[in-house]
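Residue-level structure breakdown
Each chain is listed here by its residues.
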Amino acid sequence: MTITESGVRTIDGVELTPKAVTLEGPPEFASVEDERLHRKQKLAGALRIFGRCGFGEGVAGHITVRDPEFPDHFWVNPFAMSFRHVKVSDLLLVNHSGDVVYGKRPVNRAAFVIHSAIHQARPDVIAAAHSHSVHGKAFASLGIPLDPITQDSCIFYGDHRVVTEQGGAVVLDLEAGKELAAAFPTGKAAIHQNHGLFTVGKTVDEACFWFLTMERSCQAQLLAMAAGTPKKIDDTMATYTFKQTGFPEAGWLCFQPMWQEICHTDPDLFD
């Protein structure tokens, strides 16, 4: 450090004075083709992150994102393909009738039935995520909502619900999917009793971060309940924390460090 004749401190020639800083937000696109590619890249990356987190179990689990040009179609991972290996070129485009209209592999029937119903019922949902994560499954068996016992769990305060419809069943019937979606008309997340977690968002980034942090909040509550009786955050503070951390842009932002990591370690996801 040096101090100039005017008394200004510097490091490596940079004056230690207040600087203008910026934080990037969700990108804007010049064309629908650019936006489609971006959504597919984020979807492939999110699937690999799910695989890295151990969320894969057999053929279960799926993430979807609505196509920007054809909103009645969505992109999804192929059936029976490891999350860890999915590339952009592997992704399937599926219509609301369950037909694969782009791609050569089959789609998970449960992915189509549930995600199609959610995308149809909720125009606000661009992306949706689900897997058979261990703590999500365990917590879902209790049939209770997340309590505001940690700062992170307040992300879901008043913004998630427990869904009992079709709980425990493999949802393969169209009407069953619609029944499940009807019980999830608002909010960023659903705890499907005896099944697991579902999260949604305006971006793949948001939906997937909500899933990741909800899984960990379920784990935290299970641990706390096993140790004793958790103390709940009062309504005023829980509501305040929700407003600071539970909005879409916050979910998008919190996903970015994981996105940066997967881009660095798995560049083949863009193939």
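Conventions adopted
- Counting restarts for each chain, with residues numbered from 1 along the sequence as it is written.
- With the structure being a predicted model, the display of local features is reserved for residues of pLDDT at least 70 and the display and counting of side-chain atom pairs for 80 or more, all residues being used for whole-chain, interface and lining totals.
- Only hydrogens and water are set aside; all other atoms, that is, all heavy atoms of the structure, feed into the side-chain values.
- Numbering of helices and strands starts at the N terminus; helices are DSSP runs of H or I of at least 4 residues and strands are runs of E of at least 2.
- Accessibility here uses a 1.4 Å probe with only protein chains present; expressed as a share of the type maximum, an area under 20% marks a residue as buried, one over 50% as exposed, and anything in between as partly exposed.
- The contact criterion used throughout is that any non-hydrogen atoms of two residues lie within 4.5 Å.
- Only rings of Phe, Tyr and Trp enter the pairing, Trp through its six-membered ring, and a pair is recorded when the two centres are within 6.5 Å. The plane angle decides the type: under 30 degrees is stacked, over 60 is edge-to-face, the rest tilted.
- Look at NZ for Lys and CZ for Arg. If either is within 6 Å of the ring centre and within 35 degrees of the ring normal, a charge sits over the ring.
- At least two bridges found by DSSP between two strands is the condition for calling them paired.
- Angles run from 0 to 180 degrees between N-to-C directions of axes, and those axes are lines fitted to C-alpha atoms, restricted for helices to the stretch in contact.
- Each angle is binned into one of four classes, with values under 35 degrees roughly parallel, values over 145 roughly antiparallel, values of 65 to 115 roughly perpendicular, and all other values oblique.
- In this scheme the handedness of a crossing depends on how the near helix is turned from the far one: anticlockwise by less than a right angle means left-handed, clockwise means right-handed.
- Note on residue classes: Ala, Val, Leu, Ile, Met, Phe, Trp, Tyr, Cys and Pro are nonpolar, Asp, Glu, Lys and Arg are charged, and everything else, Gly too, is polar.

1. Regarding the environment of Leu 174
Take Leu 174: it is sitting in helix H4 (residues 174-182). Residue class for Leu 174 comes out partly exposed when judged on its relative accessible area of 41%. Sequence separation of Leu 174 and Ser 97 is 77 residues, and the distance between their C-alpha atoms is 9.4 Å. What Leu 174 contacts, discounting residues up to four positions off in sequence, is Arg 109, Phe 112 and Val 113.

2. A short note on the packing of aromatic side chains
Inspection of the entire model under this criterion finds eight aromatic pairs. Ring geometry for Phe 50 versus Phe 55: centroids 5.1 Å apart, planes at 85°, classification edge-to-face. Assessed through its relative accessible area of 1%, Phe 50 is described here as buried. Judged by centre distance (6.0 Å) and plane angle (55°), the ring pair of Phe 209 and Trp 210 falls under tilted. You'll find Phe 209 and Trp 210 in the same group, each marked buried. Members of the aromatic cluster, each reached through a chain of ring pairs, are Phe 50, Phe 55, Phe 83 and Phe 211. Sitting over the ring of Trp 259, Lys 42 keeps its end group 5.0 Å from the ring centre. Arg 122 extends its terminal NZ or CZ atom over the ring of Phe 184, reaching a point 5.0 Å from the ring centre.

3. Focus: the pairing of strand S6 (residues 92-95)
Across the two faces of S6 the burial is the same, with Leu 92 and Val 94 and Leu 93 and Asn 95 all buried. Bridge count for strand S5 (residues 73-76) against S6 is four bridges, and the pairing is antiparallel. Looking across to S6, one finds that Trp 75 is bridged to Leu 93. As paired elements, S6 and strand S7 (residues 100-102) share two bridges and run antiparallel to each other. Bridge pairing in S7 places Val 94 opposite Val 100.

4. Digging into the packing of helix H1 (residues 32-52) against helix H5 (residues 204-227)
Viewed as axis vectors pointing N to C, H1 and H5 meet at an angle of 15°, and their least axial separation amounts to 9 Å. Judged on the interaxial angle alone, H5 and H1 are roughly parallel. Regarding H1 and H5, the two cross each other, and that crossing is right-handed. Across the interface between the two elements, Arg 39, Lys 42, Leu 43, Ala 46, Ile 49 and Phe 50 from H1 touch Val 204, Asp 205, Cys 208, Phe 211 and Leu 212 from H5. Broken down by class, the residue content of the contact of H1 with H5 amounts to eight nonpolar, no polar and three charged.

5. Quick word on the sheet that holds strand S2 (residues 9-11)
Read across the sheet, three strands follow the order S1-S2-S3 without closing on themselves; strand pairing throughout is antiparallel. The sheet is open, and its two edges are formed by strand S1 (2-3) and strand S3 (14-15), each paired on a single side. In the sheet, S1 pairs with S2 via two bridges, with the strands oriented antiparallel. In the strand pairing of S2, Thr 2 is matched with Thr 10.

6. Points about the environment of His 85
Tracing the chain through its elements places His 85 in the loop between S5 and S6. Take His 85: its relative accessible area is 53%, and that puts it in the exposed class. Excluding anything up to four places from it in sequence, His 85 contacts Arg 48 and Asp 90.

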